[in-house]
Amino acid sequence: SQTIHQWPATLVQPVGSPLSLECTVEGTSNPNLYWYRQAAGRGLQLLFYSVGIGQISSEVPQNLSASRPQDRQFILSSKKLLLSDSGFYLCAGASPNYEQYFGPGTRLTVT
Amino acid sequence: AQTVTQSQPEMSVQEAETVTLSCTYDTSENNYYLFWYKQPPSRQMILVIRQEAYKQQNATENRFSVNFQKAAKSFSLKISDSQLGDTAMYFCALYSGGSYIPTFGRGTSLIVHP
């Protein structure tokens, strides 16, 4: 089974600062990868997904971007954070059986 | 477009009792998969149970079982002998063949009282 690693676990950043959240996958190759955002007590909002190296699909236009420089690495970035970017960010991978495996998440607070 | 609806934002149950969480869905695909995920206060999402649409038998994982009603497009989760550790958000999810994107419901917050 695959394992999703995410870091950092928590992050406090000022408005206008850059962002880089990293996600790596262990235990499988060429997985579909996903970035979700979750507001407190709310559901999951899909931000980006990737079916392979360099292949990124955006679901929600915003000031965030994603990249997949290696098969098992998925990065979420921003050049200038907004207050509205605060939230809980989850990286996930899809197994061949279509199950989603989630990382532990990153709690981002933009001040 | 496919949809997943969880009509119960919050539920509570006494320890050792049984609780059922509701989920309805809609898809035009014949080949699809349904899932229940648990998100405890730690916020780590964990797969609880899965059901393939082509299987008539309801899936069971220990104290967790589903009632899959394909014609009614209903996929409820039953938790038997509820434990304090079952306190969590529960998300129903649908994955249709041919799509890379799963659809999640908005979640049901379950609190188990001692």
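Everything below is about the structure shown above.
Residues numbered from 1 in each chain as written. Chains lettered and ligands numbered in written order. Predicted model: local features only at pLDDT ≥ 70, side-chain atom pairs only at ≥ 80, totals over all residues. Heavy atoms only, no water.

1. Regarding the interface of chain A and chain B
Point 1. Between chain A and chain B, the residue contacts involve 24 residues of the former and 17 residues of the latter.
Point 2. Here chain A meets chain B over a buried area of about 1,800 Å², counting both sides, of which 59% is carbon and sulfur.
Point 3. Ranking the residues of chain A by area buried against chain B places Tyr 98, Glu 99 and Phe 102 of chain A at the top, with a combined share of 30%.
Point 4. Scanning the region where chain A abuts chain B turns up 1 salt bridge.
Point 5. One salt bridge connects Glu 99 of chain A with Arg 50 of chain B, and the closest N-O pair in it is separated by 2.9 Å.
Point 6. Summed over the shared surface of chain A and chain B, the number is 8 residue pairs in polar contact (both at pLDDT 80 or more).
Point 7. Among the elements of the structure, strand S4 (32–38), strand S5 (44–52), strand S9 (87–94) and strand S10 (100–102) of chain A are those that each provide at least two residues to the side of chain A that touches chain B.
Point 8. In the side of chain A that touches chain B, the residues fall into 13 nonpolar, 7 polar and 4 charged. (Contact = heavy atoms within 4.5 Å. Buried area = accessible area lost by both parts, 1.4 Å probe. Salt bridge = Lys/Arg side-chain N within 4 Å of Asp/Glu carboxyl O. Polar contact = N/O pair within 3.5 Å; in protein donor to acceptor, adjacent residues only side chain to side chain. Helix = DSSP H or I, 4+ residues; strand = E, 2+ residues; numbered from the N terminus. Nonpolar A, V, L, I, M, F, W, Y, C, P; charged D, E, K, R; others polar.)

2. Some words on the packing of aromatic side chains
Point 1. The final tally for this structure, using the stated rule, is 15 aromatic pairs over all chains.
Point 2. Between Phe 102 of chain A and Tyr 37 of chain B, the aromatic rings sit 5.7 Å apart at their centres with planes inclined by 85°, giving edge-to-face as the arrangement. Residue Phe 102 of chain A is found in strand S10, and its partner Tyr 37 of chain B is found in strand S5 (residues 32–39); the two belong to separate chains. Of the two residues, Phe 102 of chain A and Tyr 37 of chain B, both sit in the buried class.
Point 3. Taking 6.3 Å as the distance between ring centres and 20° as the angle between the ring planes, the aromatic pair formed by Trp 36 of chain B and Phe 75 of chain B counts as stacked. Here the residue Trp 36 of chain B occupies a position in strand S5, and Phe 75 of chain B occupies one in strand S9 (residues 74–79), the gap between them amounting to 39 residues. The pair Trp 36 of chain B / Phe 75 of chain B is uniform in exposure class, with both members buried.
Point 4. Ring pairs connect the aromatic residues Tyr 34, Tyr 36, Tyr 49 and Phe 102 of chain A together with Phe 35, Tyr 37, Tyr 100 and Phe 104 of chain B, which therefore count as one cluster.
Point 5. Over the face of the ring belonging to Phe 88 of chain A we find Arg 43 of chain B, whose NZ or CZ atom lies 4.1 Å from the ring centre. (Phe/Tyr/Trp six-rings, centres within 6.5 Å; stacked < 30°, edge-to-face > 60°. Buried < 20%, exposed > 50% of the residue type's maximum accessible area, 1.4 Å probe, protein only. Lys NZ or Arg CZ within 6 Å of the ring centre and 35° of its normal.)

3. What about unusual backbone geometry?
Point 1. Cis geometry marks the peptide bond from Trp 7 of chain A to Pro 8 of chain A; its omega dihedral reads 0°.
Point 2. Inspection of the secondary structure assignment puts Pro 8 of chain A in the loop between strand S1 (3–7) and strand S2 (10–13).
Point 3. Phi is positive for Ala 16 of chain B, close to 80°, though the residue is something other than glycine.
Point 4. Here Ala 16 of chain B shows up in the loop between strand S2 (10–14) and strand S3 (19–21).
Point 5. Phi is positive for Lys 73 of chain B, which is not a glycine, with a value near 55°.
Point 6. Relative to the assigned elements, Lys 73 of chain B resides in the loop between strand S8 (64–69) and S9.

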